[in-house]
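Structure assessment
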Amino acid sequence: MSIEVESETDQTWSPKVVAFVCNWCTYTGADLAGTSRLKMDPNVRVIKLPCSSRVNPLFIIKAFERGADGVIVSGCHTGDCHYSTGNYHARRRFAILHDLLHFMGVDENRVTFAWVSASEGNKWQQVVNETTARVAELGPFSEFQGRQSAGAPQ
Amino acid sequence: MTELQELARQLLTEKTVNVVIGYEEGPRGVRPAFITAPEQASSLVFNIHCVQNLAAYLNPRRKQVAQLGKAAIVVKGCDARAVAGMIREQQVERANVVIIALRCGGVLQNPGTASELTAETTSVRCAGCTVRDPKLFDYVLGELPPEPPVNTHRVEQIAALERMTSAERWNFWTAQLSRCVRCHACREACPMCFCVKCTAEKTQPQWIDPSSTPRANRAWQTMRVLHQAGRCVDCLECERACPEHIPLGLLARYVADAVERRFDYAASDDPSVAAPFGAYRPGDEEEFIR
Amino acid sequence: MTHRFLSHQGLASLVAQLLAANTRVIAPVRAKDDPQQIDYQPIHSFEEAAIGVRLPRRSLKEYFLPPTEVLLHYSQTKEGVEIREVSTAAPPQVILGATPCDVASLEVVDKVMGWDYRDELWFGRREATTIVSFLCSLADSTCFCTAVGLGPESFRGSDLLLVPVDGGYLANVVTSRGEALLHGFASEATDAAIAAAESSSRAARQKVDSNLEALPADFGGWLASNFDNPLWKTIALRCHGCGACAAVCPTCHCFDIVDEHDTADSGVRRRNWDSCQTGLFTLHASGHNPRQSQSERFRQRIQHKFSIYPSRFAEILCTGCGRCSRSCPGGMDLPKLLLELVTLSQAKPEVSGQ
């Protein structure tokens, strides 16, 4: 069951959500959600990274530029990082990124940060479904992809 | 001669330094001075028009300045934080620079357009200044002036932006950034932007398009401000350098406030204080994380 | 050159007719972000124009060479690579109320744009544009158009130069295009109007003259033979290499070409403004950079504008607008710098003995 929305051009539009997840916790949790046959919206494209601290804010910006309507960033709970302290550093970085995106007008509902552990298949299902629903409500993030030439000022 | 001029003359005569980087009167108002001879020291000034943060000239990759030899630099307390940042990040060795700090009662927002500090003319970055009596110095000069008048213009602008909806803020920044021609003057003028190869110039792959398009301009400014988080000293050189008058100071201040609020850290003039992104606290806020 | 008289009402009607015919009209207007500043922008009514208030922040350059523009679209299919070039035809437009320094710059840059390869994007726009300039009475201490062979009354590059007089404007009709634009809106110019215009022109010129004397004829030659002069090592210490000067300069025209993809197999090729003041401008793929420090890069700026371009095209690559100096965050001042260099170039060698 995928979420589809009638868009302005009358074609059904389906939100594209990109998820940057850490290999050790969230990816395993997502796997568990899958093997448990939990129903999840198929709109999420998963990108596996060794650790949440590998996430460069540029990944999120680039994802939006290239067609993502929403982004999920997820890793281990603090204290459980496979590399001990990766997610502590990531947390600081994400905090400022979150605040700055908000200040520059990116709706908070388009970016979800989460800690999902290897045993939290249910939580992953919720993160995926809730994010997809919120993004569906907001519509395509075409403004971010807008690339018309600056040219001479209009 | 003033205290500053006398000190400069002495440092040069005794060959303690080869150049004193300070301020002088130029044809268009106060401008940076590079004094290499003792008799030139009398051109040094320090007044409310001395807005520019001179720390950028200490970047060792500015060969034309580095080749002059060991430098002394005139700083206000706020500028000293940039020098501290460069020391902290090992761009400058503490022993290789003589820091002449001037006690400061504030500078103008637009030098040359007013003759005294008022709530309208004072630089927005002087509001809440805690370093009028600088702490990082080899020499500290001048009497401590009274606190500067507070210019609340920027605080009001940020508050107004925060009251807007997401979509209104998006439109505001898209409009402001539409003037960006990607000259990168903001980066070149910034004392803390000293990367030999900027992330925007990496081409394999090209993370940030170099073109002046709405999405690339937004990506560029977002990343530059993020790379400055916890390092930016709010000297507003970026805003001053921007030939399109984009209010970059709003972004700088907003992120600096977020860093202070979340991590209890403000750019420090003590090089031994660790910057926030090399460190963490187990109790850091995570209200935004599901 | 013929003279005509255009009343205030006549100009308003002329502009209204252009707008009614959907011709793009670009004029100085108050900037949206700061009403104290002026920008060249398309107008939708004559009342929006704010002519003779202040020198616009940006030059006219971007209407002929935009900060970024698409050159071609490419896409890769099973059959090969498909390329679609953009059209070089431009819709007709009129520039109204430009300053002589901004207008002259276009003719100066025409030389390189038509040199070994004709830049059809540039000339497409040039040929589609009619230019109405105004006598400039806005000179401040940073202007020096008269020093580079121009002046606030110069009609170089204009189709029409309007000089404000009682009741309207004395129109200097420079080209047949200008004549055609005026047709039906102008009347005969009286001797009084012509005399008044000449008097205003003289006064405007005096304002600028005192800023910098005309550059000597052999200045370019002196620069060329003083390429290795040690003065270059210290003349630009305060220069950040930020390139703000190049962005606002009407005659700077260097660009970079980049390919940007939209999808894995399609995208565009663009050209973007670039500047010789940046560190990467002359960086070779080998890692060698012939202009290693800002002193070499700044030397290049001066040499190019006042020696190399003139020797190639008999044009100084500068129209004396002063924007570079006004925008410089490091306090560089071009007219004063030129004065320093000219003085140096004219210094008599020391006489030994006696």
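Residues numbered from 1 in each chain as written. Chains lettered and ligands numbered in written order. Predicted model: local features only at pLDDT ≥ 70, side-chain atom pairs only at ≥ 80, totals over all residues.

Comments concerning the interface of chain B and chain C
One frequently used descriptor of interface size is the decrease in accessible area upon assembly of the parts. With 29 residues of chain B at the contact, the number on the chain C side is 34 residues. Where the side of chain B that touches chain C is concerned, the elements lending two or more residues are β2 (29–35), α2 (63–66), α6 (185–189) and α8 (237–241) of chain B. Its residues placed into classes, the side of chain B that touches chain C shows 12 nonpolar, seven polar and 10 charged. (Contact = placed C-beta atoms within 7 Å. Helix = DSSP H or I, 4+ residues; strand = E, 2+ residues; numbered from the N terminus. Nonpolar A, V, L, I, M, F, W, Y, C, P; charged D, E, K, R; others polar.)

Side note on the domain arrangement of chain C
All names here are of chain C. When the domains of chain C are assigned, the result is domain 1 (2–209) and domain 2 (219–346). Distance from the C-alpha centre of domain 1 to the C-alpha centre of domain 2: 25 Å. At the interface, 32 residues of domain 1 touch 27 residues of domain 2. Elements represented by at least two residues in the side of domain 1 that touches domain 2 include exactly β4 (68–77) and α2 (100–113). (Domains from an automatic or database assignment.)

Let's talk about the environment of Ser75 of chain C
Residues and elements named next belong to chain C. Along the polypeptide, Ser75 turns up in strand β4. The exposure class of Ser75 is partly exposed, given the 14 C-beta atoms found within 10 Å. For the pair Ser75 and Gly178, spaced 103 residues apart in sequence, the C-alpha to C-alpha distance is 43 Å. If we skip the residues at most four places from it in the chain, Ser75 touches Glu82, Asp265 and Ser266. (Buried ≥ 20, exposed ≤ 12 C-beta atoms within 10 Å, placed from the backbone.)

Side note on helix α3 (residues 120–127) of chain C
Residues and elements named next belong to chain C. Within the span of α3, buried status applies to Leu121, Trp122, Arg125 and Arg126. Seen end-on, α3 carries its buried residues on one side only, within an arc spanning 135°. Of the surrounding secondary structure, the elements contacted by the buried residues of α3 are β4, α2 and β7 (129–134). (Arc of directions from axis to C-beta.)

Section: the interface of chain A and chain B
Tallying the contact residues gives 34 residues for chain A and 35 residues for chain B. Residue assignment for the side of chain A that touches chain B shows that the elements contributing at least two residues are α2 (57–65), α3 (86–103), β6 (111–115) and α5 (142–145) of chain A. Among the elements that take part in the side of chain A that touches chain B, α3 of chain A stands out by supplying 12 residues, more than any other. Here the residues of the side of chain A that touches chain B sort into 16 nonpolar, nine polar and nine charged.

Overview of the packing of α3 of chain A against helix α9 (residues 248–263) of chain B
In contact at an axis separation of 10 Å, α3 of chain A and α9 of chain B are set at 140° when each is read in the N-to-C sense. With respect to their mutual orientation, α3 of chain A and α9 of chain B come out oblique. In this structure, α3 of chain A meets α9 of chain B at a crossing whose hand is right-handed. Contact residues: Arg92, Ala95, Ile96, Asp99, Leu100 and Phe103 of chain A in α3 of chain A; Tyr254, Val255, Ala258, Val259, Arg262 and Phe263 of chain B in α9 of chain B. Across the contact of α3 of chain A with α9 of chain B, the residue classes break down as nine nonpolar, no polar and three charged. (Axes fitted to C-alpha atoms, helices over the stretch in contact; angles between N-to-C directions. Parallel < 35°, antiparallel > 145°, perpendicular 65-115°, else oblique. Left-handed = near helix turned anticlockwise from the far one by under 90°.)

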